[in-house]
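Commentary on secondary and tertiary structure
The chain contents come next:
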Amino acid sequence: MREYEIRTHVDVLEKEELSATELALLEAAIKATETSYSPYSHFQVGAALCLKSGEIIMGSNQENAAYPVACCAERTALFWCGANRANEVITHIAIAAQTEGRYTPSPIAPCGMCRQALLEVEHKQGSPIVVLLYGEEGIHRIESVKALMPLTFNSDNLNI
Ligand code: THU
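Quick look at the structure, then. Remember, predicted model here, so these are calculated numbers, not experimental data.

What counts and how
- Residues numbered from 1 in each chain as written.
- Predicted model: local features only at pLDDT ≥ 70, side-chain atom pairs only at ≥ 80, totals over all residues.
- Heavy atoms only, no water.
- Patch = residues over 30% accessible without salt bridge, like charges linked within 9 Å, V, L, I, M, F, W, Y side chains within 5 Å.
- Areas by Shrake-Rupley, 256 points an atom, 1.4 Å probe, with all protein chains shown as cover.
- Salt bridge = Lys/Arg side-chain N within 4 Å of Asp/Glu carboxyl O.
- Buried < 20%, exposed > 50% of the residue type's maximum accessible area, 1.4 Å probe, protein only.
- 1 Å grid on protein atoms, 1.4 Å probe; cavity = no way out; pocket = protein on both sides within 12 Å on 5 of 7 lines; lining within 4 Å.
- Points joined across faces, edges and corners; volume = space filled by probe spheres on them.
- Helix = DSSP H or I, 4+ residues; strand = E, 2+ residues; numbered from the N terminus.
- Nonpolar A, V, L, I, M, F, W, Y, C, P; charged D, E, K, R; others polar.
- Axes fitted to C-alpha atoms, helices over the stretch in contact; angles between N-to-C directions.
- Parallel < 35°, antiparallel > 145°, perpendicular 65-115°, else oblique.
- Left-handed = near helix turned anticlockwise from the far one by under 90°.
- Contact = heavy atoms within 4.5 Å.
- Near = heavy atom within 4 Å.
- Polar contact = N/O pair within 3.5 Å; in protein donor to acceptor, adjacent residues only side chain to side chain.
- Phe/Tyr/Trp six-rings, centres within 6.5 Å; stacked < 30°, edge-to-face > 60°.

The next subject is a nonpolar patch on the surface. A cluster of nonpolar residues, Y4, I6 and L151, forms a patch on the protein surface that exposes about 370 Å² of accessible area. Residue L151 is classed as exposed on the basis of its relative accessible area, which comes to 62%.

Written out as structure tokens, the structure is:
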């Protein structure tokens, strides 16, 4: 038998330890929770993307009476970016969530579908998207989307 281990490194930080760019992005993700349309889950998620140009793109989860139609905050921001800033490089994504008027004590991480969507962009652009996850009790920073989802399926597997 052969085996290998996969480790994911997570930095746990206070706001004061973030760079000015990262702090601004995190604040944008926190702010974006306010635009969430979540009458079913009452779980307000905000995502903010930082582009290499310095521009910040915000998104929030958008739900629907037909539940599966909903779109997570991460993909709302990502797909807007794909449609409107097609060739821009994304350097960071920040994610925050609040429910019942309280930001989550621990960070929430993107769902599997959003990880796959983010991975596509990271793979295509050939440079990492740093992930910042906001929790009241600490901010988690992960070096890339691939680090969050190490055994990937991507266009290389299709020989494209
Ligand atoms: N949600 C997100 O927007 N992002 C995540 O990372 C996790 C979940 C949304 C989907 C749904 O509208 C609500 O949160 C509850 O699952």
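On we go.
In this structure, the largest pocket encloses a volume near 180 Å³. Along the walls of the largest pocket sit 13 residues, with G82, A86, E88, V121 and K124 positioned nearest its centre. Looking at the lining of the largest pocket, the elements that each hand over two or more residues are α2 (73–84) and α3 (112–125). When residues of the lining of the largest pocket are assigned to their parent elements, the largest contribution, four residues, is made by α2. Its residues assigned to classes, the lining of the largest pocket shows seven nonpolar, three polar and three charged.

As a further point, take the packing of α2 against α3. Contact geometry of α2 with α3 gives a least axis separation of 9 Å together with a crossing angle of 25°. One finds that α2 runs roughly parallel with respect to α3. The way α2 lies across α3 gives a crossing that is left-handed. Two secondary-structure elements touch here, α2 through E74, R75, L78 and F79 and α3 through M113, C114, A117, L118 and V121. Looking at the contact of α2 with α3 residue by residue, the classes come out as seven nonpolar, no polar and two charged.

Looking now at the pattern of salt bridges. Opposite charge on two side chains permits pairing when their charged atoms draw close. Within the structure shown, the criterion is met by six salt bridges. D11 is the salt-bridge partner of R141, the closest N and O atoms lying 3.6 Å from each other. One end of the pair, R141, is in strand β7 (residues 138–142); the other, D11, is in strand β1 (residues 10–13), with 130 residues separating them in the sequence. Notably, a salt bridge pairs R85 with E55, separated by 2.7 Å at the nearest N-O pair. Linking R85 in the loop between α2 and β4 (90–99) with E55 in the loop between β2 (43–51) and β3 (56–60), this pair joins segments that are 30 residues apart in sequence. Residue R85 is classed as partly exposed on the basis of its relative accessible area of 27%. Ionic contacts of the salt-bridge type, sharing partners, join the residues D11, E22 and R141 into one network.

Within the structure, the ligand sits among S41, F43, V45, N61, E63, C72, A73, E74, I108, A109, P110 and C111. Taking E63, its side chain carries an N or O atom lying 2.5 Å from an oxygen atom of the ligand. Backbone polar atom of A73 to an oxygen atom of the ligand: 2.9 Å apart, as the coordinates give it. Against a free-state accessible area of 370 Å², the protein chains account for coverage of 76% of the ligand. Elements with a contribution of two residues or more to the shell around the ligand: β2 and α2. Tallied by class, the residues present in the shell around the ligand amount to eight nonpolar, two polar and two charged.

So, about the packing of aromatic side chains. If you walk through the whole model with that rule in mind, you get two aromatic pairs. Arranged with centres 5.4 Å apart and planes meeting at 45°, the rings of Y40 and Y67 form a pair that is tilted. In this pair, Y40 is assigned in the loop between α1 (20–32) and β2 and Y67 in the loop between β3 and α2, connecting sequence segments 27 residues apart. When the centroid spacing of 6.1 Å and the interplanar angle of 80° are considered together, the rings of Y103 and Y134 count as edge-to-face.

Geometry only, nothing functional implied.
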